[in-house]
Amino acid sequence: MESRLSQVADISGKRFDFVIVGGGTSGLTLANRLSENPNVAVVVLEAGKAHIDDLRILSPNGWLQQIMQPEYDWKFSTVPQGHAANSALVWSRGKGLGGSSALNLMLWTRPQREDIDAIERLGNPGWNWDRFHEYSKKSEKFVPVVAASPSEYKDLIEEKSVGSNGPIPISFVPTSSGAEAPYQKSLAKHGVQLSHDSLSGETTGTWKSLSVVDPETGNRSYASNAYLLPVIDRPNLKVLTEAYVTKIVTLRDGGELNASGIEFECNGRTYTVYAGKEVILSAGAIKTPTILELSGIGDPAILEPLGIVVQKDLPAVGANVRDKLYTRIVLEMQDGIVSSNLLKDPNFQEKLRSSHPNLKGPFTLAMTGVTFLPVQAFSENANAIIERCAEKISADASAYPPGVKEQLDIQLDLLKDEAVPDTELLVTPFSFAPPIQGRPYIILAVCVSHPFSRGSIHIQSADPKVAPLIDPHYFEESVDLDIIVEATKFARKVAQTEPFKSITVQEVVPGPSVITDEQLRDTVRNNLSTIWHTVGSASMLPEDKGGAVDATLKVYGTKNIRIVDLSVIPLPIASHTQTVAYAIAEQAADIIKAIHNI
Ligand SMILES: Cc1cc2nc3c(=O)[nH]c(=O)nc-3n(C[C@H](O)[C@H](O)[C@H](O)COP(=O)(O)OP(=O)(O)OC[C@H]3O[C@@H](n4cnc5c(N)ncnc54)[C@H](O)[C@@H]3O)c2cc1C
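All of these numbers come straight from a predicted model, not from anything done at the bench. Residue numbers here run from 1 along each chain, matching the order of that chain's written sequence. Local features in this predicted model are restricted to residues whose pLDDT is 70 or higher, and side-chain atom pairs enter the listing and the counts only when it is 80 or higher, whereas totals over whole chains, interfaces and linings include all residues. Processing note: side-chain calculations cover all non-hydrogen atoms of the structure and skip hydrogens and water entirely.

**Q** So what's going on with the pattern of salt bridges? Which residues, and what values?
**A** What counts as a salt bridge is simple: a side-chain nitrogen of Lys or Arg found within 4 Å of a carboxyl oxygen of Asp or Glu. Considering all chains together, one arrives at 31 salt bridges under this definition. Across the pair E202 and R113 runs a salt bridge whose closest N-O atoms are separated by 3.5 Å. Of this pair, E202 sits in the loop between helix 7 (180–188) and strand 8 (205–208) while R113 sits in helix 5 (residues 113–121), placing them 89 residues apart in sequence. Here R439 makes a salt bridge to D335, at a shortest N to O gap of 2.6 Å. What counts as a helix is a DSSP run of H or I of at least four residues, what counts as a strand is a run of E of at least two, and both are numbered from the N terminus.

**Q** Before we move on, can you summarise the site of the ligand with the specific residues and values?
**A** Here, proximity means that at least one heavy atom of the residue falls within 4 Å of the molecule or strand. Inspection of the region around the ligand gives 38 residues, with T25, E46, S100, T577 and Q578 positioned closest. With respect to the ligand, the side chain of W74 contributes an N or O atom lying 3.0 Å from an oxygen atom. A distance of 2.7 Å separates an oxygen atom of the ligand from a polar side-chain atom of T577. The protein chains shown are the only cover counted for residues, whose accessible areas, like all others here, come from Shrake-Rupley with a 1.4 Å probe. Its free accessible area being 1000 Å², the ligand has 98% of it covered by the protein chains. The element that contributes the greatest number of residues to the shell around the ligand is helix 9 (residues 284–294), accounting for three residues. Class assignment of the residues belonging to the shell around the ligand gives a composition of 15 nonpolar, 19 polar and four charged. Pairs of N or O atoms within 3.5 Å make up the polar contacts considered here, provided that, within protein, one atom can donate a hydrogen while the other can accept it, and that residues adjacent in sequence are counted only when both atoms are side-chain atoms. Side-chain classes are defined by residue name, with Ala, Val, Leu, Ile, Met, Phe, Trp, Tyr, Cys and Pro counting as nonpolar, Asp, Glu, Lys and Arg as charged, and the others, Gly among them, as polar.

**Q** Just give me the short version of the UniProt feature "binding site: FAD" (unreviewed entry) in the protein chain, but keep the residues and values in it.
**A** UniProt positions are given in the numbering used here, feature names are shortened, and annotations may be inferred rather than shown by experiment. The UniProt record annotates "binding site: FAD" (unreviewed entry) at T25, S26, V245, W532 and H533. Spatial dispersion of the annotated residues is evident: they stretch over 509 residues in sequence, and the largest pairwise C-alpha distance comes to 23.0 Å. Following the sequence through the fold, S26 ends up in helix 2 (residues 25–34). Two residues qualify as a contact provided that any one of their heavy atoms is within 4.5 Å of a heavy atom in the partner residue. If we ignore the near neighbours within four places in the chain, the residues touching S26 are S282, V564, D565, A581 and A585. Checked against the element boundaries, V245 lands in strand 11 (residues 244–253). Setting aside anything within four residues of it in sequence, one finds V245 in contact with V21, L45, I262, E263, F264 and I291.

This is how it looks when you write it as structure tokens:
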């Protein structure tokens, strides 16, 4: 299969209608859709390797061997975070065909309706829930399976809300750690309802998540094996891997920039490929803004000190970065609960396999225990938190750059809305560093879903190989810390409620000595991770309100540079983001086809 990919000689110096930068989640989706027309020539350049038939990607347990490995993971890092114990956090991202869909934790969730409608409210016609839902359904194929997991852990979905013909098979995995159903029962005692229709745009509640494990093969389904490999033999589609794009080549055409092609490095040499119609950046929310900056499109205050000639003054590039984070509650569990560290033992694997006679392939773990909740559902301090947040926004209003007040006002509306979730609790059966080998551990991940803090991603050198400066400004807006602390208190309370309580041995983190709110705030600040859902680094907004692209995803001031990846989403989304990346690309493909009449 690898031999059906292109060689540099097939690409260098050639002209294609569409040059797509980045063969990740959105990039491969777009490449598939644009090359449906045999008269349209498409090339994809991907910096990482092809990784075709790689078990570290295909096996649902394999991501534990990929993450932090430079062959698979860009392993970016933030600058030290002043409001989060000065720690620098690692930001993993998939490198290679499939991008982050090859590395992710395989959860398949959709956003809350209001999150997507907010994009249209900010001045982007056509980017609303109803259209999003149709495009998201276009990417998926729901495959029902016979459950082998404990029967009380129910598989619930309304078939009208899911797609049935798309490239990505989604299903309920037939295995579980054994901790998810008891946690749901304990949640019910605190008034949290089971969701029957979590892909419908109404996400408050708790449910067993769908995942991208294909029940026919037991393998991960991702952008490469779902969108690319089935069409790899199209003569009008070329894919080059290990091709690192360094800049867009532009010419001034009237008042606008015209992209004639891109430069890329392959095996230590620099090449050019030419674009007949468009250059499309799909390098993800971290690298897309850096490629624009290296091409002279960005904030002069960033570019000029680095000696880069400004081609288009566009301060929105790399600004408005929104990143969601989580803190963890680590629990040692009773025997019988399965966590990833135990699966390394072949005897344990075999025992589990034989107790699941319907199972195809090895016993695998996927993350499935999902709960989304508004702050009002669990905190008596909710009103005080909302009031403080509203006062801060109005006090700071005159200091915000243009357009930011509108964004924060919409977020405030979402925070006030008792039907819109602000937090996520995840039952995570993955244990990287078990305190005692051979014991089962569960991490309850507590996530703030709509952080108000806004950060930036910028180049720090004109050398394209130098990593960007990533500064998410975690907890700069104190409302984010307030909410995550309240949610952590609630998650701990649920863990202390039967029947979950009986399957735990002890809380390892924060641990029994952490009692007061102040202690908990400190523990949270010291115990954070990104949840890898960065958006906004090239936001879709009106240009005078902090936009980098318009509602057709075209970069302002250019004739033919478009962005198709998560960079364009201007506000944080209360969902895992692969569904969003696929849906953006599906919608973008139709926009581009209509513009070029192809
Ligand atoms: C560890 C992890 C776990 C996650 N878990 C989940 C989950 O369980 N469920 C979920 O829904 N979402 C999850 N996500 C998020 C989701 O996978 C991503 O948000 C989504 O895949 C991003 O899609 P994208 O197209 O924007 O970028 P990507 O898929 O990251 O694609 C960008 C591509 O561009 C390439 N590239 C970058 N720079 C260059 C360059 N200069 N030249 C050429 N190519 C370049 C990259 O190598 C990559 O292939 C997770 C993400 C991570 C990292």
